[in-house]
Amino acid sequence: MLYTPPIARLVEELSKLPGVGQKTAQRLAFHLLKVPAAEAHSLAEAIVEARDRVTFCVRCFNFAQGELCEYCMDSRRDPTLVCVVERPQDIVALERTGEFRGLYHVLGGAISPIDGIGPEELRIRELLERVRTEGIREVIVATNPRVEGEATGLYLANLLKPLDIKVTRIASGLPVGGDLEYADEVTLGRALKGRLDL
Amino acid sequence: MIIAGNGRGKTNLLEALFLLIEGKSMKGAEGKEMIREGRDVAVVSGTIDVGREVLLRLAIEEEGAIKGKRRLERVGAVCFQPDDIWMVKGGPEVRRKYLDEVVMAIKRGYKETLKEYGRVLRQRNEAIKAVRKGLRGREYIRSWNPLLIDTGREVMAERREVMNKMKKGMASTGREWGMPELDIKYYSTMGDDDDGQEKIIKKMERLEDAEIRRGSSLTGPHRDEILFFLGEKNVRRQRSQGEQKLTTILWRITQARLLEGECGKEVLPLMDDCLSELDAENRRAVLGELRGWKQAIVTSTDDLPELEGTNRVWLEFEAETAVNGGQPA
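All values reported here derive from a predicted model rather than from experimental measurement.

Basis of the calculations
Going along each chain's sequence as written, the residues are numbered from 1 onward. Chain letters start at A and ligand numbers start at 1, both assigned in the order the entries are written. At least 70 in pLDDT is required for a residue's local features to be given in this predicted model, at least 80 for side-chain atom pairs to be given and counted, and no such filter applies to totals for whole chains, interfaces and linings, which use all residues. Hydrogens are left out, water is left out, and the side-chain values use all remaining heavy atoms of the structure. Strands here are runs of E lasting at least two residues and helices are runs of H or I lasting at least four, both read from the DSSP assignment and numbered beginning at the N terminus. Buried residues are those whose accessible area, probed at 1.4 Å on protein chains only, stays under 20% of the maximum for their type, while exposed residues exceed 50% and partly exposed ones sit between those limits. Here, two residues are considered to be in contact whenever any of their heavy atoms come within 4.5 Å of each other. In these tables, accessible area is a Shrake-Rupley quantity obtained with a 1.4 Å probe, and a residue counts as shielded only by the protein chains included in the view. Residues enter patches when their relative accessible area tops 30% and they take part in no salt bridge; the joining distance is 9 Å for like charges and 5 Å for the nonpolar side chains Val, Leu, Ile, Met, Phe, Trp and Tyr. One side-chain nitrogen of Lys or Arg within 4 Å of one carboxyl oxygen of Asp or Glu is enough to make a salt bridge. The criterion for strand pairing is that DSSP finds at least two bridges linking the strands in question. Only the contacting stretch of a helix is used when fitting its axis, a line to C-alpha atoms as for every element, and angles between N-to-C directions run 0 to 180 degrees. In this text, buried Ala, Val, Leu, Ile, Met, Phe, Trp, Tyr and Cys residues form a nonpolar core when linked through side-chain atoms within 4.5 Å. Simply put, the buried area is the total loss of 1.4 Å probe accessible area from both parts when two parts are fitted together. Under this definition, polar contacts are N or O atom pairs within 3.5 Å; protein pairs additionally need one hydrogen-donor-capable and one acceptor-capable atom, and for neighbouring residues in sequence, both atoms have to be side-chain atoms. For classification purposes, angles smaller than 35 degrees are called roughly parallel, those larger than 145 roughly antiparallel, those between 65 and 115 roughly perpendicular, and all remaining angles oblique. Basically, the charged four are Asp, Glu, Lys and Arg, the nonpolar ten are Ala, Val, Leu, Ile, Met, Phe, Trp, Tyr, Cys and Pro, and anything else, Gly included, counts as polar.

Details of the overall build of chain B
Here's step 1: The helix and strand tally for chain B stands at 11 helices and 11 strands.
Here's step 2: Principal-axis analysis of the C-alpha atoms gives chain B an extent of 70 × 50 × 35 Å.
Here's step 3: Burial status across chain B gives 51% buried among its 329 residues.
Here's step 4: Contacts in chain B between residues far apart in sequence, at least 24 positions, make up 71% of those at least 6 positions apart.
Here's step 5: Element-wise, carbon and sulfur atoms account for 45% of the exposed surface of chain B, whose accessible area totals about 16500 Å².

Written as structure tokens, this is what we have:
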């Protein structure tokens, strides 16, 4: 046997993590054995706590600690404006902009028959229910700008428009601070199509 | 004018020229296939005059990788091959391929547009298969309809725009050649551009049963037809072999001219065996057209009376040395 059993187990568990191979797992394991015991215990507790205490927000399906997530609980946010994203990570990215003061709705992915994901697997029914009951004025579709995200967006738009609310899609465009010269053709083409009046 | 009997390497010579200029095979061959049997590498070199002389040298290595490819901004090549006649004789998929090739050459973003449409189509076909197996309801297919229409229309709009340019160019040259009036028509399975989305969605829903039976999508640019007409007659079914060939030559020459006009390139037409099957009058028309180009390379198996006055080169070496290690013939 290469490692004593407890170390072998730790290496095996660590190597299951995304982006962690056998070598990295071994390095991490030996690191955890070298640091003060308190530090290793703290990591173990953090994992357990995150797993046990983080739940899904019953309203928007973001990660939450309790019934509602921090955004749904925040009374300063505009509840008539809802931004639809694929995953909770996307909320973190949008929050970093500081531009958006409405609420969110996490679909849990995008429609993709190749991966066996259809509208029923996503939280679309829940979104429609929210639109009906929460007095939402505008739904901003912020799914990823690829085929699956676009299909999901158009599908949502078809369902939501008859409910007499505004449905918008975030724009595709050029990275700020970059040069036109280096932009890829598709992005530049989209940016041209979505041009604005000055 | 390159004149030589069968199997003397005329086509190989054009293939080498095309490869040098475009960096790929005119026959769509893989790198490996272009290396002579029993050899490890193939090397092509030549000089191009683009205001100044540029030496080009390109090698295909053992694994088939093409090394030394140069992206020539101002020079291009368009090649006519006898097999091109399948664009009128063959099925709609061949015509779509030929049209897409021209669109891709003059519209930079089209390759991506087509790729995106292909991805949408694959997703929708996958959805159809799941419904066919009884795993899902029809909503699963329908959720892809709006995007299929959106991306499909983008493909169609680009195709139509380029096709209209081709049509205009072909018709005008055709008139000079004394051909009956030429027309190209695009038949869309998704309906006309001015059809509203709802109308198309209704059509798609009507076709759902058939789609589920067949397991694939029946509307969209992947099913569209493009037809050539000469004086109201369908070239595919109602015109002779010679007229079919003439239509194909006209397509390639117009493609070359379009590339010059739209991309500001200087294009070299490479015409492989384009004169056979044509009568003397049509041979004169085609040669007259090619004489108007700065340079054009034409191959023929025989020396014909119409070739008088062209710069004729007879390939007289043995077939075995026809492509002699990249040395210019």
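Overview of a nonpolar patch on the surface
All names here are of chain A.
Here's step 1: Taken together, the side chains of Val54, Phe56 and Phe63 present a nonpolar region at the surface, about 280 Å² in accessible area.
Here's step 2: Structurally, Val54 is set in the loop between helix 3 (37–53) and strand 1 (55–56).
Here's step 3: Relative accessible area serves as the criterion here: at 37%, Val54 is assigned to the partly exposed category.

Notes on the sheet that holds strand 3 (residues 78–85) of chain A
Residue and element names in this part refer to chain A.
Here's step 1: As summarised here, the arrangement of the four strands in space is 4-3-5-6, forming an open sheet in which the pairing is parallel. Looking at strand neighbours, the two that pair on one side only are strand 4 (102–106) and strand 6 (166–169), the edges of this open sheet. Between one strand axis and the next, the sheet turns through 25 degrees on average, direction left out of account.
Here's step 2: In this structure, strand 5 (residues 138–141) lies alongside strand 6, joined through four bridges in parallel fashion. Considered in strand 6, the bridge of Glu138 is made with Lys166.
Here's step 3: The sheet contacts of helix 5 (residues 88–97) involve strand 3 and strand 4, and relative to strand 4 the element is tilted by about 155 degrees.
Here's step 4: Helix-sheet contacts for helix 6 (residues 124–133) involve strand 3, strand 4 and strand 5, and the interaxial angle to strand 4 is about 150 degrees.

A closer look at the nonpolar core
Here's step 1: Core analysis: the biggest nonpolar cluster contains 81 residues, and A:Leu160, B:Trp177, B:Ile249, B:Trp251 and B:Val286 have the highest contact counts within it.
Here's step 2: The dominant element in this core, judged by the number of residues it contributes, is helix 6 (residues 145–176) of chain B, at nine residues.
Here's step 3: Sequence-distant contacts of B:Val286, defined by excluding residues within four places in its chain, comprise B:Trp177, B:Leu246, B:Ile249, B:Cys274, B:Leu275 and B:Leu278.
Here's step 4: Counting 27 residues, the second-largest nonpolar core is a separate cluster that includes B:Met26, B:Val44, B:Val50 and B:Ala77.

Some details on the interface of chain B and chain A
Here's step 1: The interface of chain B with chain A comprises 19 residues on the first partner and 21 residues on the second.
Here's step 2: For the pair chain B and chain A, the summed buried area comes to about 1800 Å², and 59% of that belongs to carbon and sulfur atoms.
Here's step 3: One salt bridge connects A:Lys193 with B:Glu154, and the closest N-O pair in it is separated by 3.5 Å.
Here's step 4: Counting across the interface, chain B meets chain A through nine residue pairs in polar contact (both at pLDDT 80 or more).

As for the packing of helix 10 (residues 241–263) of chain B against helix 11 (residues 280–291) of chain B
All names here are of chain B.
Here's step 1: The geometry of helix 10 relative to helix 11 is characterised by a closest axis approach of 12 Å and an angle of 5 degrees between their N-to-C directions. Judged on the interaxial angle alone, helix 11 and helix 10 are roughly parallel. Listed contacts from helix 11 to Leu246, Ile249, Ile253 and Arg257 of helix 10 are Asn282, Val286, Glu289 and Leu290.
Here's step 2: Partitioning the contact of helix 10 with helix 11 into residue classes produces five nonpolar, one polar and two charged.

Regarding the pairing of strand 7 (residues 225–230) of chain B
All names here are of chain B.
Here's step 1: Within strand 7, six of the six residues are buried, which leaves it mostly tucked inside the rest of the structure.
Here's step 2: Sheet analysis places strand 6 (residues 182–187) next to strand 7, joined by six bridges and oriented antiparallel. Residue Ile184 lies in a different strand from strand 7, and its bridge partner there is Phe228.
Here's step 3: Across two bridges, the pairing between strand 7 and strand 8 (residues 233–234) is antiparallel.

Digging into the pairing of strand 2 (residues 42–49) of chain B
Here's step 1: By the alternation rule, side chains of strand 2 of chain B split into B:Ala42, B:Val44, B:Gly46 and B:Ile48, which are all buried, and B:Val43, B:Ser45, B:Thr47 and B:Asp49, of which none is buried.
Here's step 2: Linking two consecutive strands that pair antiparallel, namely strand 2 of chain B and strand 3 (residues 53–60) of chain B, is a turn of three residues; a positive phi of about 90 degrees is found at B:Gly51 within it.

Points about the sheet that holds strand 1 (residues 2–3) of chain B
All names here are of chain B.
Here's step 1: Strand order in the open sheet formed by five strands is 5-9-10-1-11, and the pairing between neighbours is parallel. The open sheet has two edge strands, strand 5 (75–80) and strand 11 (313–314), and neither has a second partner.
Here's step 2: Here strand 5 runs beside strand 9 (residues 266–271); their pairing, made up of six bridges, is parallel. Bridge pairing in strand 9 links Cys79 to Leu270.
Here's step 3: Most of the contacts of helix 10 go to strand 5, to which it runs at about 175 degrees, and overall it touches strand 5 and strand 9.

What about the pattern of salt bridges?
In a structure, side chains of opposite charge can pair up when their charged atoms sit close to one another.
Here's step 1: Scanning the model with the defined rule gives 41 salt bridges over all chains in all.
Here's step 2: Residue B:Glu116 pairs with A:Arg190 through a salt bridge whose shortest N-O separation is 3.1 Å. With B:Glu116 in helix 4 (residues 110–132) and A:Arg190 in helix 8 (residues 185–193), the pair connects residues from two separate chains.
Here's step 3: Take A:Arg190: its relative accessible area is 28%, and that puts it in the partly exposed class.
Here's step 4: Notably, a salt bridge pairs B:Lys245 with B:Glu277, separated by 3.7 Å at the nearest N-O pair. Here B:Lys245, found in helix 10, pairs with B:Glu277, found in the loop between strand 9 and helix 11; they are 32 residues apart in sequence, far enough to count as distant.
Here's step 5: Judged by its relative accessible area of 48%, B:Glu277 falls in the partly exposed class.
Here's step 6: Each of B:Lys107, B:Glu158, B:Glu161, B:Lys165 and B:Glu262 takes part in one network of salt bridges that share partners.

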